[in-house]
Amino acid sequence: MSLQKPRGTQDFLPQDVEKWHYIESKARDICRRFQYNEIRTPIFEHTELFQRGVGETTDIVEKEMYTFLDKSERSLTLRPEGTAGVVRAYVENKLHGAVDVQKLYYMGPMFRYERSMAGRYRQFHQFGIEAIGSADPAIDAEVIALGYLFYEEMGLRNVRVELNSVGTPQCREQYREALRQFFQPNLDKLCKDCQSRFERNPMRILDCKVDGEYCQGAPSILEFLDEESEQHFLKVQQALTAMGIPFNINPGLVRGLDYYTHTAFEYMADGIGSITTIGGGGRYNGLVGQIGGQDKPGVGLGLGLERLLLIMEAQQIGVPPQNPIEIYVVGLGEEAEARATALVFELRKAGISAERDYLQRKMKGQLKAADRLEAAYVAILGEDELARGEIVVKTMATGHQESFALEQFVQQMFVILKSRSPQHL
RNA sequence: GCGGUCGUGGCGAAGUGGCUAACGCAUCGGAUUGUGGCUCCGACAUUCGAGGGUUCAAUUCCCUUCGAUCGCCCCA
């Protein structure tokens with residue numbers, strides 16, 4: 001095969017898209033209840049937006065961006081995450097002028113040039129929310145709660161919330177320095193990776209699976225929080241507790257984007273190789289100012305939908321069928337088939353999902369197809385029925401069948417289908 | 001970016017330096033002239049990811065390349 005999809009991309013076939021529709025409708029519904037409204041921003045932005053927003057020294061900006069020049073030599077980049085674009089749109093469209101906190105959500109593809117593996121793609125999809133305009137810890141908790149409830153309503157089991165505060169940039173700098181001092185004496189005993197983390201991002205050493213023993217007694221970020229950060233963190237915890245959202249304080253939690261302040265959190269789930277993080281987020285006071293607006297505090301989250309799908313599969317969580325066939329019309333013989341074409345169209349006009357055979361199969365084959373496609377009813381139209389001005393309707397689940405007058409068929413099917421429980425409609 | 005494993009029909013999966021490339025599922029046809037799910041019978045890969053090389057002969061050996069997957073790194 002000479003033409004293949006680019007590495008790290010996926011084709012979503014109809015049975016996959018069915019799952020996507022389901023997830024998306026659940027996401028939209030939860031946003032409706034939490035009063036978040038959808039925003040759609042461009043798939044590509046000026047490269048500078050991400051450099052400034054996500055941070056020059058992050059892995060994302062340093063080596064994972066899909067950056068290209070357009071025909072006018074502008075440097076553009078396919079968005080690697082959702083927040084920067086939303087914040088840019090917030091600033092550019094002066095949404096700060098609105099009466100209330102802006103509560104926004106988005107869903108769509110993101111792009112990062114990385115080695116692909118299970119649950120990690122170069123084009124992947126996120127559902128995210130952003131609340132801009134309030135520094136109230138209650139809204140941090142609301143954001144965390146929305147994500148938690150979303151996973152819960154999707155049927156996921158054993159989702160954990162890991163929570164941390166990374167304080168202000170000043171707290172963090174002091175903390176990094178303290179960590180370097182702590183690890184300095186054992187620096188040559190740390191694993192190769194951690195030695196490189198030492199300069200770049202000493203907070204990550206705490207995550208290391210190899211050097212656990214050297215982390216004993218390491219200072220915690222929480223000791224370096226200033227009074228205000230500490231209060232904020234406490235109130236987030238209180239709000240979560242009040243809502244009954246379980247969480248686990250993890251002082252080692254560090255996120256991969258530079259813009260986080262105070263609250264940082266991740267959702268974790270088991271069962272997909274080495275990947276356990278399925279979503280995360282945090283507060284980003286200062287980002288709006290950095291993008292060029294009047295400074296406004298914000299908080300948000302991003303959930304990886306491929307990873308959600310992976311966990312759903314691992315936990316065998318099914319998706320209700322999205323487009324079942326209500327009536328399959330079997331036409332036998334030339335005249336009946338011509339009539340079947342018209343009947344199917346009439347049914348469809350009446351709002352019924354109807355299908356027929358297009359492969360010239362015999363009766364048996366058509367019924368088999370109807371069975372496989374899980375049609376609720378089959379309508380059989382042959383020479384005999386045609387001569388009598390009738391059509392036979394068979395209920396597939398029971399095998400029961402009866403004759404209807406051809407003239408009243410569509411009307412009667414409409415009534416029958418309407419009287420059934422909504423899940424079959 | 002580094003290291004390991006892998007790539008055979010729609011799907012799953014055996015296999016061998018040479019004779020028609022097992023088998024299972026699915027599909028199609030028949031047994032059952034117009035009635036699905038069960039059973040039985042039959043059909044279904046000039047071809048083994050792509051390109052090149054070695055050879056009388058390659059799906060099998062070698063090289064390159066593309067892709068998948070696992071671990072590291074990092075993350076969603």
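Our structure's up above, just so we're on the same page.
What you see is a predicted model; the values in this text were computed from it and never measured. (Residues numbered from 1 in each chain as written. Chains lettered and ligands numbered in written order. Predicted model: local features only at pLDDT ≥ 70, side-chain atom pairs only at ≥ 80, totals over all residues. Heavy atoms only, no water.)

Visitor: Looking at this structure, I do not really get unusual backbone geometry. What am I missing?
Guide: Apart from glycine, the bulk of residues carry a negative phi angle, and the bulk of peptide bonds sit in the trans form. Even without being a glycine, Gln35 presents a positive backbone phi close to 65°. Position of Gln35 relative to the elements: it lies in the loop between helix H1 (14-34) and strand E1 (37-38). Accessibility expressed as a relative area gives 53% for Gln35, which makes it exposed. In the Ramachandran plot, Glu374 falls in the positive-phi region, its phi being about 60° despite a non-glycine side chain. When you line up the elements, Glu374 lands in the loop between helix H13 (363-372) and strand E14 (377-381). By relative accessible area, Glu374 is classed as exposed at 64%. (Helix = DSSP H or I, 4+ residues; strand = E, 2+ residues; numbered from the N terminus. Buried < 20%, exposed > 50% of the residue type's maximum accessible area, 1.4 Å probe, protein only.)

Visitor: It is not clear to me how the sheet that holds strand E3 (residues 66-69) should be interpreted in this structure. Could you clarify?
Guide: The pairing of strands in a sheet happens through backbone hydrogen bonds and is either parallel or antiparallel. Sheet architecture is open: three strands sit in the order E2-E4-E3, paired in antiparallel fashion. Where the open sheet ends on each side, the last strands, each with one partner, are strand E2 (44-46) and E3. The mean inter-strand angle of the sheet, taken between neighbouring strand axes irrespective of direction, is 35°. The sheet contact formed by E3 and strand E4 (residues 75-78) spans four bridges and is antiparallel. Counted as the bridge partner of Leu69 is Ser75 from E4. (Pairing = 2+ DSSP bridges. Axes fitted to C-alpha atoms, helices over the stretch in contact; angles between N-to-C directions.)

Visitor: Before we go on, may I ask you to explain the protein's contact with RNA strand B in this structure?
Guide: Arg120, Arg197, Arg204, Arg255 and Arg307 are the nearest of the 47 residues found near RNA strand B. In RNA strand B, atoms within 4 Å of the protein come 59% from sugar and phosphate. A distance of 3.1 Å separates a sugar or linking oxygen of RNA strand B from a polar backbone atom of Ile278. Side-chain polar atom of Lys362 to a phosphate oxygen of RNA strand B: 2.7 Å apart, as the coordinates give it. Elements with a minimum of two residues in the surface near RNA strand B: strand E6 (123-132), helix H7 (192-200), strand E10 (275-283), H13 and helix H14 (383-388). With six residues, the single largest contributor to the surface near RNA strand B is H13. Within the surface near RNA strand B, the residues separate by chemical class into twelve nonpolar, 13 polar and 22 charged. (Near = heavy atom within 4 Å. Polar contact = N/O pair within 3.5 Å; in protein donor to acceptor, adjacent residues only side chain to side chain. Nonpolar A, V, L, I, M, F, W, Y, C, P; charged D, E, K, R; others polar.)

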